[in-house]
Amino acid sequence: MEDGIKRNKREIRKAVLNSRDNLSKQEREKASLLLTERILGHQWFYRAEQILCFVSYGSEISTRGILEEALKAGKKVYVPKVLSGKKHPEMCFYRITGLTELETGYRGIPEPAGDSEEYVYSQEEAERTLLLMPGVAFDRYRNRIGYGKGFYDRFLEDKPGLQQRAIAVGYRCQMTDTLPAEKTDIRPYQVICV
Ligand SMILES: Nc1nc2c(c(=O)[nH]1)N(C=O)[C@@H](CNc1ccc(C(=O)N[C@@H](CCC(=O)O)C(=O)O)cc1)CN2
Ligand SMILES: Nc1ncnc2c1ncn2[C@@H]1O[C@H](COP(=O)(O)OP(=O)(O)OP(=O)(O)O)[C@@H](O)[C@H]1O
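Cut-offs and rules
- Residues numbered from 1 in each chain as written.
- Chains lettered and ligands numbered in written order.
- Predicted model: local features only at pLDDT ≥ 70, side-chain atom pairs only at ≥ 80, totals over all residues.
- Heavy atoms only, no water.
- Helix = DSSP H or I, 4+ residues; strand = E, 2+ residues; numbered from the N terminus.
- Rg over C-alpha atoms; globule rule 2.2 N^0.38 Å.
- Buried < 20%, exposed > 50% of the residue type's maximum accessible area, 1.4 Å probe, protein only.
- Areas by Shrake-Rupley, 256 points an atom, 1.4 Å probe, with all protein chains shown as cover.
- Lys, Arg positive; Asp, Glu negative; His and termini not counted.
- Charge placed at Lys NZ, Arg CZ, Asp CG, Glu CD.
- Near = heavy atom within 4 Å.
- Polar contact = N/O pair within 3.5 Å; in protein donor to acceptor, adjacent residues only side chain to side chain.
- Nonpolar A, V, L, I, M, F, W, Y, C, P; charged D, E, K, R; others polar.

### Considering the overall build of the protein
Each helix and strand counted, the protein has seven helices and ten strands in total. Since a compact globule built from 194 residues should have a radius of gyration of about 16 Å, the 16 Å found for the protein is in line with a globular shape. For the protein, the spread of C-alpha atoms along the three principal axes comes to 45 × 40 × 30 Å. Expressed as a percentage of its 194 residues, the buried residues of the protein come to 49%. When the accessible surface of the protein is summed, it comes to about 10,700 Å², and 47% of that surface belongs to carbon and sulfur atoms. Where the 32 positive side-chain charges of the protein centre and where its 28 negative ones centre are 4 Å apart.

Structural data, given as structure tokens:
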């Protein structure tokens, strides 16, 4: 049964990545602008003192404008880094104060060096935090499929307050019919596909 779900997820991942890879430059630029507007106008962004946001890579929707505006607005910005030296690789968030601090890391993703302030979860501060999550496919029940390593599921597992401040973002072509879900899958509180 579980194996069926995994295979199913794999097939959906392949199909959606294929359509995402095929978006035109114009479609990408338009969507990224739209997403930036949607997030900058969001009350969770406005109220957030801390923003946890992925740095896009490959054909992912661009978060560059959001990161730049968050930094300009004086918010604390943290971005993911995969610590792969460990037996079980895990994802942490480190603070950046400018995009030039990023270097090519895990799978070619721009990542912080990892020598800056690490994000430490606290239930009280979660109310003033916004988490923007990447993903490959989403559905209208807020199910989410990523690249299949479960990094976000494991990162969010023990952070209930942050789960309620999590927004998954992507292109409209990433919105699918009902996705299969496993027990460990954590649903973002909102999905914004533009
Ligand atoms: N921008 C970004 N940063 C992120 C994530 C993400 O999804 N997006 N992650 C979320 O967990 C973590 C990295 N997880 C990843 C897990 C697997 C692959 C991977 O297998 N990539 C394929 C290419 C897939 C494709 O685009 O076709 C590869 O390298 O072959 C990439 C990232 C942390 N940082
Ligand atoms: N909290 C957890 N503890 C242990 N294993 C987990 C946990 N969450 C997910 N996993 C395992 O990790 C693997 C990948 O999970 P899944 O397919 O949901 O990843 P994903 O959501 O697509 O990827 P990501 O979160 O990295 O973007 C699965 O085999 C899943 O069982």
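### Some details on the site of ligand 1
Around ligand 1 lies a shell of 17 residues, among which Val 55, Tyr 57, Glu 60, Arg 107 and Tyr 147 are the nearest. Contact distances for ligand 1 include 2.7 Å between a nitrogen atom and a backbone N or O atom of Val 55. Glu 60 is positioned such that a nitrogen or oxygen atom in its side chain is 2.7 Å from a nitrogen atom of ligand 1. Contributing elements (two or more residues each) for the shell around ligand 1: β2 (76–83) and α6 (151–156). Per-class residue counts for the shell around ligand 1 are 13 nonpolar, one polar and three charged.

### So, the site of ligand 2
The immediate surroundings of ligand 2 are formed by 17 residues, with Arg 144, Gly 146, Gly 148, Phe 151 and Asp 185 found nearest. Between Lys 9 and ligand 2, the recorded distance is 3.1 Å, taken from a side-chain N or O atom to an oxygen atom. At a separation of 3.0 Å, an oxygen atom of ligand 2 approaches a polar backbone atom of Gly 150. Coverage of ligand 2 by the protein chains reaches 78% of its 640 Å² of free accessible surface. When residues of the shell around ligand 2 are traced back to their parent elements, those giving at least two are α1 (2–21), β8 (144–145) and α6. Per-element accounting of the shell around ligand 2 gives the leading share, four residues, to α6. Its residues placed into classes, the shell around ligand 2 shows four nonpolar, four polar and nine charged.

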